[in-house]
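# Geometric and topological summary
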Amino acid sequence: MEKSDRKLGKVFLIFAGICIVALPLIVFTAFSFEPQEMEMTDVQARNMDFDSNGKAIFVNYERISKDYLEGTSTARTLDEYYSRRQYTGSPPFIPHKVEEPDLAAVDCLACHARGGWTEELQKNTPITPHPDQESCRQCHVTSSEVKLFVETNWMSVAPPRLGRAALPGAPLPIPHDIQMRGNCIACHVGPGTVATIRVEHPSRGNCRQCHVPQTNAPLFERESKPG
Amino acid sequence: MDITRRQFIKSAAMQSAAASAAVLFPGISFGAWKNIDSGGIEWKKTPCRFCGTGCGLLVGVSGDRAVAVKGDPNCTVNQGLCCVKGYHSIQILYGKDRVTKALVRKNGQMVETPLKEALDLVASKMQETIKNHGKDSVAMYGSGQWSITDGYVSSKLFKGCIGTNNLEANARLCMASAVTGFLTSFGLDEPMGCYDDIDHADVFITWGNNMAEMHPVLFSRMLANRKAKNHVLIIDFATRTTRTSQAADKSIIFNPQTDLAVANSICYEIIRNDWVNWDFVNKHVSFHKGKTNIGYGTQDHFQFNDKEEPVDFEAYKAFLEDYTPEKVAKLSGVPAKDIKYLAALYGDPDKKVTSFWCMGMNQHTRGTWINNLVYNIHLLVGKISTPGNSPFSLTGQPSACGTVREVGTLTHKLPHGVVMNEGARKLAAKIWDVPVENIDPKPTYHTVEMFRALDRGDIRFMWIQVTNPMVTMPNLNRYRNGAKKDDRFIVVSEIYPTPTYDVADVVLPAALWIEREGFFGNSERRTQHNEQIVPMPGDCMSNTWQIIEVARRMGFEKQFPWSEKTYIEDIWNEYGQFHDNPKHRMAPYKDLKARSGLQWPYVNGLETKWRYNPKYDPAAEGKDFDFYGKPDRRAWIWLRPYEPAAESPDSEYPFWLNTGRVLEHWHTGSMTRRVPILHRAVPESYVEINPDDASRLGITSGSKVKISSRRGSVTMKASINGRGRPPQGMVFVPFFDESYLINEATLDAFCPISKQPDYKKCAVKLERA
């Protein structure tokens, strides 16, 4: 009798122990349910480009859940995307409020390295293609004023046109510069991306096997050799 | 009509996005930029127009317009990264109110005038002033944002041809203490190290230097080093909490001016714990003292000459007895344990330490001294001139080093040496093809005294290029009133209307950086060339060519013979003769044109990364170090005491006023405020107040506050717990906004050795307005 009591007590104790350990985990998982996001911690080199960071990009790609890859809940349009930029490729401004918490650094990467749903803005967070850069507000600034100090005559070239394949049905070339934007999946895959430029086949990881940068180089012509 | 699920989600999402964006930013239109119709972009290299970091940019050109920017991956400075100012720098070309025609004041009104006529007037007015009031009644005030050739031709015209030493540049307000610090400690100007130190160091200590905002690309390089290595420490030693403090591993706040005492206390601790690198000190260091109680220069005609006296190590040790950590803790507000911690970091033989500083130490009434004192620390432990061990004085402006310090556009300087030195005068006269008697051996006015002379009437004519002194002069009311006096003639070469433009009698339309060919020289002795990338608008002309045009009109055709096609290259080749020795040889024109910046001394096609170290420096002799700038071939440790600021808070004016910059704006904002994204990020200036002071005074964030000093007052909005946080008893105001001229309140006290004013310390009171 005494023995079985002790046994029961032991079982109960173990169960309680498991509860104590598991409860926060369960609660935590419940609250952080939203799509499995990207892990970008492996990327170290600065001003990352696919050519020098291919491995890190693959490792990160491997870690992304299927749910995230196929996520389509985006609210972003290409117009909105370009309206935050002064020219194609310029750092966009920050379109939401940034509190400067008292004496603490603002951690942009807490959301923008991995993506996911934000309750506060009711949106999926876009992901930075260069999470190796920590001093985010060196390039990305907020916008608190509408009126300009002086009007400007600024102009730039039109954003690249989409869908310009060399042959009907051929893979599209990469129409933009890839300096600091070498990680294709950051902007072209997942629920935080601009719908128009989201790829329809996110499960293929090696983007640049088919998509190559488009340049203005003249067509190849063999140099004529004397004799 | 079929609507797929996806399309439905898409359109619903679009609407909600537009709605939420409109809620967040009412009135911001989502139309993209105006398009230019053309085929493709061509990328051209240039250094950035803004700070002294000297990032390499690639500017995208389409037709005759600059349309995009990316970081130059070939430039070792930034390796492809820029900051928000750099990425949008080309937009400074396109403000609607760009000055493109010459203007001349006629009956009180500025009237558009043909450029030739305006240049005629500048030349004849200068000649007339010289005739009536003597050669020292005309002056030129230039800039650390001058291209190297701008500074060179001004020096040749004023010092060589006209024969007056009335040539100064705004770098006097920015880097003069760094220069006198280098000269007194090492005998030669400019850092021994380079930015590669950032990749090698284990510990970074920033002395009054908000690098996260002021040198953001270098700060990012520092963070990248920390991220890669795990053991790297960043310590922010400052008078105010900033973004740099937030990113640092430790933030240490000190009372204004007491950095002098803390630096001495660190040395006291290094000696007490015997962390001294004796081998280095015995072979490469000598000890010296100078005058004390040296004054503050607030009176007109203030004169000071230091007197050096050699001493020994024992005298130095005895001098430091006043600076025990416990005593200094009381004065500085820095706990003794933090002083000991800093000393232990510098003293640890296994750690490579880099110190960074800029305006906090230079804009200081003891600016030369505090520069000396930080060198003292590095010299005691021998952490200098090797990768990662670097006392590093950062520059503020893109060519403060290249143009002002190397060309010598200061009253006492020549492109090589000083006017007081006969050999230097002879060399200049020979290269310039002028009689040696032309070059006056006596310096005239440093910047503050030059504007005082303008106010007094000793100077009647001043030509101002690439700077905005009617926003930046301390004690501004006096100097603006002086410039506006009836018989003063002010010529301003400008790109946009500014408060300095407002006091001009003639405005000459200037070409911007990439609208003309030129050179900058950055903080790490790197000379950077840019070609003309886009055409100049209207009648705009490079500053160099404006000076040449005026010089020719004054009869100096022989000294300014170059053709408009090749003058930049020709001037470079002539200027190079001044530095033709292994200590300072500059890279040839064709190399500079081909590459993204090259560091001098540039000898036999090789750059010099670390000076005074024979392993890297072709001018250094011997085995380990050779401080060849001083006659004893040693670096000098100086006995420099703590002395109080020129004006400290008291019962009537109980707050320190500290002024400075923000990341988004360059200096007086005349360029960056015309860049939409930068203006929208920080549309107006503000006063940062400590939250406890604010609640005591009943001031809330955004409410108006009147800031008054004994000289002037400004009413502006309060910022509490905003970007930076001053400690109790201090307020901080960014100076970029011409609507809130905070320099009407600042004090024109300066370091008696460098003559650089202190913009970081004067006394003010606050009232709700």
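Being a predicted model, the structure only gives us computed values, none of them experimental.

## Let's talk about the overall build of chain B
Check the secondary structure of chain B and you find 27 helices and 28 strands. Taken along the three principal axes of its C-alpha coordinates, chain B extends 85 × 75 × 55 Å. Here chain B holds 769 residues, and 67% of them are scored as buried. In chain B, once contacts between residues fewer than 6 apart in sequence are set aside, the share between residues at least 24 apart is 73%. Entry remark: accessible area of chain B is about 25100 Å², with carbon and sulfur atoms responsible for 50%. Of the side chains in chain B, 94 bear a positive and 85 a negative charge, and the two mean positions are spaced by 2 Å.

## Remarks on the overall build of chain A
A count of helices and strands for chain A gives 6 helices and 3 strands. The order of helices and strands in chain A, counted from the N terminus, is α-α-α-α-α-β-β-β-α. Across chain A, every contact between residues at least 6 apart in sequence was considered, and the portion connecting residues at least 24 apart equals 70%. About 14200 Å² of surface is accessible on chain A, with carbon and sulfur atoms providing 60% of the total.

## Quick look at the packing of aromatic side chains
Residue and element names in this part refer to chain B. Tallied over the full model, the rule gives 42 aromatic pairs over all chains. A network of ring pairs unites the aromatic residues Phe182, Phe186, Phe280, Trp357, Tyr375, Tyr612, Phe625, Phe627 and Tyr628 as a single cluster. In this structure, arginine 240 packs its charged tip against the face of phenylalanine 732, placed 3.5 Å from the ring centre.

## A word on the pattern of salt bridges
Enumeration over the complete set of coordinates arrives at 62 salt bridges over all chains. Glutamate 134 of chain A serves as the salt-bridge partner of lysine 227 of chain B, at 3.9 Å between the closest nitrogen and oxygen. Here the residue lysine 227 of chain B occupies a position in helix H8 (residues 216–229), and glutamate 134 of chain A occupies one in the loop between strand S2 (123–125) and strand S3 (155–157), the pair thus bridging two chains. Since its relative accessible area comes to 27%, lysine 227 of chain B is described here as partly exposed. Of the charged contacts, one joins arginine 98 of chain B and glutamate 515 of chain B as a salt bridge, the two residues approaching to 2.8 Å between their closest N and O atoms. With arginine 98 of chain B in the loop between helix H2 (84–87) and strand S5 (102–106) and glutamate 515 of chain B in the loop between strand S18 (506–509) and strand S19 (518–521), the pair connects residues that are 417 residues apart, well separated along the chain. For the pair arginine 98 of chain B and glutamate 515 of chain B, a shared accessibility class is recorded, and that class is buried. Here the salt bridges share partners, and the residues they tie into one network are Asp300, Glu449, Arg452, Asp455, Arg456, Asp458, Arg478, Lys485 and Asp748 of chain B.

## Quick notes on unusual backbone geometry
Working note: non-glycine residues mostly have negative phi, and peptide bonds are mostly trans. Residues and elements named next belong to chain B. Cis rather than trans, the peptide bond between tryptophan 600 and proline 601 has omega equal to -10 degrees. Looking at the secondary structure, you find proline 601 in the loop between strand S21 (598–599) and strand S22 (635–639). One non-glycine residue, glutamine 79, adopts positive backbone phi at about 45 degrees. On the basis of relative accessible area, glutamine 79 is assigned to the partly exposed category, the value being 27%. Even without being a glycine, asparagine 721 presents a positive backbone phi close to 55 degrees.

## Regarding helix H4 (residues 148–162) of chain B
Residue and element names in this part refer to chain B. In this model H4 runs 20 Å from its N-terminal to its C-terminal C-alpha over 15 residues, within 8% of the 21 Å that 1.5 Å per residue would give. Taking burial as the measure, the 15 residues of H4 include 15 buried ones, the bulk of the element. At the exit of H4 stands glycine 163, carrying a positive phi of roughly 90 degrees.

## Here's the deal with the interface of chain A and chain B
Contacts between the two partners involve 65 residues from chain A, matched on the other side by 76 residues from chain B. With both sides pooled, the region where chain A packs onto chain B buries about 6300 Å², and carbon together with sulfur makes up 55% of that total. Remark: the boundary between chain A and chain B carries 2 salt bridges. We note a salt bridge from lysine 70 of chain B to aspartate 177 of chain A, for which the minimum N-O separation is 2.4 Å. In this assembly, chain A and chain B are joined by 21 residue pairs in polar contact (both at pLDDT 80 or more). Those elements that place two or more of their residues in the side of chain A that touches chain B are helix H4 (78–83) and S3 of chain A. Its residues assigned to classes, the side of chain A that touches chain B comprises 26 nonpolar, 21 polar and 18 charged. The pairing of S3 of chain A with strand S1 (residues 34–36) of chain B spans 3 bridges and is parallel. Along S1 of chain B, the bridge assignment pairs valine 157 of chain A with isoleucine 36 of chain B.

## Brief notes about helix H13 (residues 325–332) of chain B
Residues and elements named next belong to chain B. Those residues of H13 that fall on the buried side of the exposure criterion are Pro325, Val328, Ala329 and Ser332. Taken down its axis, H13 places every buried residue within 110 degrees of arc, on the same side. In this fold, the buried residues of H13 make contact with strand S11 (250–253), helix H10 (259–272) and helix H14 (336–347). Of the residues one or two after H13, glycine 333 is the one with positive phi, at around 75 degrees.

## Here's the deal with the domain arrangement of chain B
Residues and elements named next belong to chain B. Once the domains are mapped, chain B shows domain 1 (5–94), domain 2 (102–165 + 399–522 + 526–576), domain 3 (176–396 + 628–639) and domain 4 (655–746). Spacing between the C-alpha centres of domain 1 and domain 2 amounts to 35 Å. Contacts between the two partners involve 23 residues from domain 1, matched on the other side by 17 residues from domain 2. A buried area of about 1700 Å², summed over both sides, lies between domain 1 and domain 2, and 61% of it is on carbon and sulfur atoms. Inspection of the region where domain 1 meets domain 2 yields 8 residue pairs in polar contact (both at pLDDT 80 or more). Those elements giving two or more residues to the side of domain 1 that touches domain 2 turn out to be strand S2 (42–47), strand S3 (56–62) and strand S4 (65–71). Here the element with the most residues in the side of domain 1 that touches domain 2 is S2; it accounts for 4 residues. Here the side of domain 1 that touches domain 2 is composed, by residue class, of 12 nonpolar, 6 polar and 5 charged.

## Describing the sheet that holds S2 of chain B
Residue and element names in this part refer to chain B. Read from one edge to the other, the open sheet built from 3 strands follows the order S2-S3-S4, with strand pairing classed as antiparallel. Looking at the sheet topology across the chains shown, the edges are occupied by S2 and S4. Shown here is a sheet whose adjacent strand axes are inclined to one another by a mean of 35 degrees, direction ignored. Pairing of S3 with S4, which is carried by 6 bridges, proceeds in the antiparallel orientation. Residue pairing in the sheet places valine 59 in a bridge with valine 69 of S4.

## Side note on the nonpolar core
The nonpolar side chains of a soluble globular protein tend to be buried with one another. Residue and element names in this part refer to chain B. Counting residues in each nonpolar core, the largest one holds 92 residues, and the members touching the most others are Phe186, Ile205, Trp207, Ile266 and Tyr316. The greatest single-element share of this core, amounting to 9 residues, is contributed by H10. Mapping this core onto the domain boundaries places at least three of its residues in each of domain 2 (102–165 + 399–522 + 526–576) and domain 3 (176–396 + 628–639). Setting aside residues up to four positions removed in sequence, phenylalanine 186 forms contacts with Met192, Tyr375, Leu379, Ile384, Tyr612, Phe627, Gly629, Lys630 and Ala635.

## Quick word on the sheet that holds strand S15 (residues 390–393) of chain B
Residue and element names in this part refer to chain B. The strand order S11-S10-S9-S14-S15 describes an open sheet built from 5 strands, whose pairing is parallel. If you trace the sheet from one side to the other, it starts and ends with S11 and S15, each paired once. Strand-to-strand, the axes of this sheet are offset by a mean angle of 15 degrees, without reference to chain direction. The pairing of strand S10 (residues 233–238) with S11 spans 4 bridges and is classified as parallel. Residue isoleucine 235 lies in a different strand from S11, and its bridge partner there is lysine 250.

## A closer look at the packing of H10 of chain B against H14 of chain B
All names here are of chain B. Where H10 meets H14, the axes come as close as 9 Å, and the angle between the chain directions of the two elements is 60 degrees. Viewed along their axes, H10 and H14 adopt a mutual orientation that is oblique. Considering only the axes of H10 and H14, their crossing is right-handed. Across from Val262, Ser265, Ile266, Glu269, Ile270 and Arg272 in H10, the residues of H14 making contact are Ile339, Lys340, Leu342, Ala343 and Tyr346.

The rules behind these values
Residues numbered from 1 in each chain as written. Chains lettered and ligands numbered in written order. Predicted model: local features only at pLDDT ≥ 70, side-chain atom pairs only at ≥ 80, totals over all residues. Heavy atoms only, no water. Helix = DSSP H or I, 4+ residues; strand = E, 2+ residues; numbered from the N terminus. Buried < 20%, exposed > 50% of the residue type's maximum accessible area, 1.4 Å probe, protein only. Contact = heavy atoms within 4.5 Å. Areas by Shrake-Rupley, 256 points an atom, 1.4 Å probe, with all protein chains shown as cover. Lys, Arg positive; Asp, Glu negative; His and termini not counted. Charge placed at Lys NZ, Arg CZ, Asp CG, Glu CD. Phe/Tyr/Trp six-rings, centres within 6.5 Å; stacked < 30°, edge-to-face > 60°. Lys NZ or Arg CZ within 6 Å of the ring centre and 35° of its normal. Salt bridge = Lys/Arg side-chain N within 4 Å of Asp/Glu carboxyl O. Expected span 1.5 Å × (residues − 1). Buried area = accessible area lost by both parts, 1.4 Å probe. Polar contact = N/O pair within 3.5 Å; in protein donor to acceptor, adjacent residues only side chain to side chain. Nonpolar A, V, L, I, M, F, W, Y, C, P; charged D, E, K, R; others polar. Pairing = 2+ DSSP bridges. Arc of directions from axis to C-beta. Domains from an automatic or database assignment. Axes fitted to C-alpha atoms, helices over the stretch in contact; angles between N-to-C directions. Core = buried A, V, L, I, M, F, W, Y, C linked by side-chain atoms within 4.5 Å. Parallel < 35°, antiparallel > 145°, perpendicular 65-115°, else oblique. Left-handed = near helix turned anticlockwise from the far one by under 90°.

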